[in-house]
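# Architecture at a glance
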Amino acid sequence: MRDLVILGAGGFARETLDVVEAINAVAPTYTVRGFADDAPRDLALQRLSERGHRHLGGIDEVLTAFPDAGVVIAVGAPVQRAALASRVEDDRAVTLVHPGASIGSRTTIAAGSVVCAGALVSTNVRIGRHGHLNPGAIVGHDSVLDDAVSVNPGAVVSGDVHIEAQVLVGANAVVLQGLRIGEGATIGAAACVTKDAPPRVTLVGVPARVHQTTGKSHSS
Ligand SMILES: CC(C)(COP(=O)(O)OP(=O)(O)OC[C@H]1O[C@@H](n2cnc3c(N)ncnc32)[C@H](O)[C@@H]1OP(=O)(O)O)[C@@H](O)C(=O)NCCC(=O)NCCS
């Protein structure tokens, strides 16, 4: 069993705990030592405690206190996740794939990524570091997701799509085949993206249109 600390204490952190528990039910693999968050909300602490887990402290403090533990960054907002990744040594990042996810042949999932129950990843897909595939997310054949991309519940990334780093694909959104989505873009919930997207825009609607240029980081 390898010790594991989960960075973040919110909803996706507990979803990540679900993934760990499902992996452990198949083969005991990880001992969750607890959660690290620099500013956890009271409700988050309460919900962790209801799961029998605790907040261990701030992120740097916990990374130092558990030097041998594996680490997963369970913060939904891609930009914040990428910032945290720079504080975690490369060899500590653990990849977690729920046994109820489907992963196609010749697909690679880089360190630090979390794939939730019901996610479907097709063949010859590359998922970068610290990616989040939420429950029911679909990634089509031959697609490439760069580092710290979030695909929210039910979203569909079609085949041959290239999603650059730190993009958030909102719940139930669709990205049509062959497109490129620029770094740091946000695709709103239920949008249908029909054209390439430049970096850092927010797109909403069907067909998707630019909603605002944002410096703001959207969370899942
Ligand atoms: C698109 C999004 C990033 C915009 O967030 P925001 O900048 O905070 O926008 P606001 O909530 O302030 O809304 C601004 C306007 O955009 C509209 N809007 C927000 N999200 C929208 C969406 N997905 N599609 C269409 N319109 C949307 C709002 O109705 C509002 O319109 P108004 O000005 O006419 O009242 C966000 O709403 C979104 O869809 N995020 C993804 C959420 C998601 O995936 N959730 C699942 C979590 S697991």
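From a predicted model like this one, the values you see are computed outputs, not experimental measurements.

Quick notes on the rules
Residues numbered from 1 in each chain as written. Predicted model: local features only at pLDDT ≥ 70, side-chain atom pairs only at ≥ 80, totals over all residues. Heavy atoms only, no water. Helix = DSSP H or I, 4+ residues; strand = E, 2+ residues; numbered from the N terminus. Rg over C-alpha atoms; globule rule 2.2 N^0.38 Å. Buried < 20%, exposed > 50% of the residue type's maximum accessible area, 1.4 Å probe, protein only. Contact = heavy atoms within 4.5 Å. Areas by Shrake-Rupley, 256 points an atom, 1.4 Å probe, with all protein chains shown as cover. Pairing = 2+ DSSP bridges. Arc of directions from axis to C-beta. Polar contact = N/O pair within 3.5 Å; in protein donor to acceptor, adjacent residues only side chain to side chain. Domains from an automatic or database assignment. Buried area = accessible area lost by both parts, 1.4 Å probe.

This next bit is on the overall build of the protein chain. A tally of helices and strands in the protein chain yields four helices and 23 strands. Against the globule reference of 17 Å for 220 residues, the protein chain gives a C-alpha radius of gyration of 17 Å, in line with a compact fold. With respect to the principal axes defined by its C-alpha atoms, the protein chain has extents near 45 × 35 × 30 Å. When burial is assessed residue by residue, the protein chain has 50% of its 220 residues classed as buried. Restricting to contacts in the protein chain with at least 6 residues of sequence separation, those with at least 24 account for 31%. Carbon and sulfur atoms make up 50% of the accessible area of the protein chain, which amounts to about 9500 Å² in all.

What follows concerns the sheet that holds strand β18 (residues 174–175). Judged by pairing direction, the sheet is parallel, and its six strands sit side by side in the order β6-β9-β12-β15-β18-β21 without closing on themselves. The open sheet has two free edges, formed respectively by β6 (102–103) and β21 (192–193), since each of these has just one partner strand. One ladder, built from two bridges, connects β18 with β21; its direction is parallel. Bridge pairing links V174 to C192 in β21.

What follows is about helix α4 (residues 78–85). Three or more residues of α4 are buried, namely P78, R81, L84 and A85. One face of α4 carries all of its buried residues, which in axial projection span an arc of 120°. The inward-facing, buried residues of α4 contact α3 (59–65), β4 (70–73), β11 (132–133), β14 (150–151) and β17 (168–169).

As a further point, take the side chain of R92. Along the polypeptide, R92 turns up in the loop between α4 and β5 (96–97). Accessibility expressed as a relative area gives 5% for R92, which makes it buried. In this structure the side chain of R92 is engaged in a polar contact, spanning 3.1 Å, whose partner is the backbone oxygen of L63. At 2.4 Å, the side chain of R92 and the backbone oxygen of F66 are in polar contact. If we ignore the near neighbours within four places in the chain, the residues touching R92 are R2, L63, F66, P67, D68, A69, G70 and V71.

This paragraph deals with the sheet that holds strand β19 (residues 180–181). Backbone hydrogen bonds hold the strands of a sheet together, and the pairing may be parallel or antiparallel. A sheet is described by the order of its strands in space; here five strands give the open sequence β7-β10-β13-β16-β19, paired in parallel fashion. If you trace the sheet from one side to the other, it starts and ends with β7 (108–109) and β19, each paired once. Sheet topology places β7 next to strand β10 (residues 126–127); two bridges connect them, and they run parallel. Bridge pairing in β10 links T108 to R126.

By domain assignment, the protein chain separates into domain 1 (2–75) and domain 2 (96–208). Taken together, the contact between domain 1 and domain 2 spans 15 residues of the former and 12 residues of the latter. Counting each side, the surface lost to burial between domain 1 and domain 2 is near 1000 Å², with a carbon and sulfur contribution of 79%. The largest share of the area that domain 1 buries against domain 2 comes from F12, V19 and I73, three residues that together contribute 47% of it. There are one residue pair in polar contact (both at pLDDT 80 or more) connecting domain 1 and domain 2. The set of elements that each furnish at least two residues to the side of domain 1 that touches domain 2 consists of α1 (11–26) and β4.

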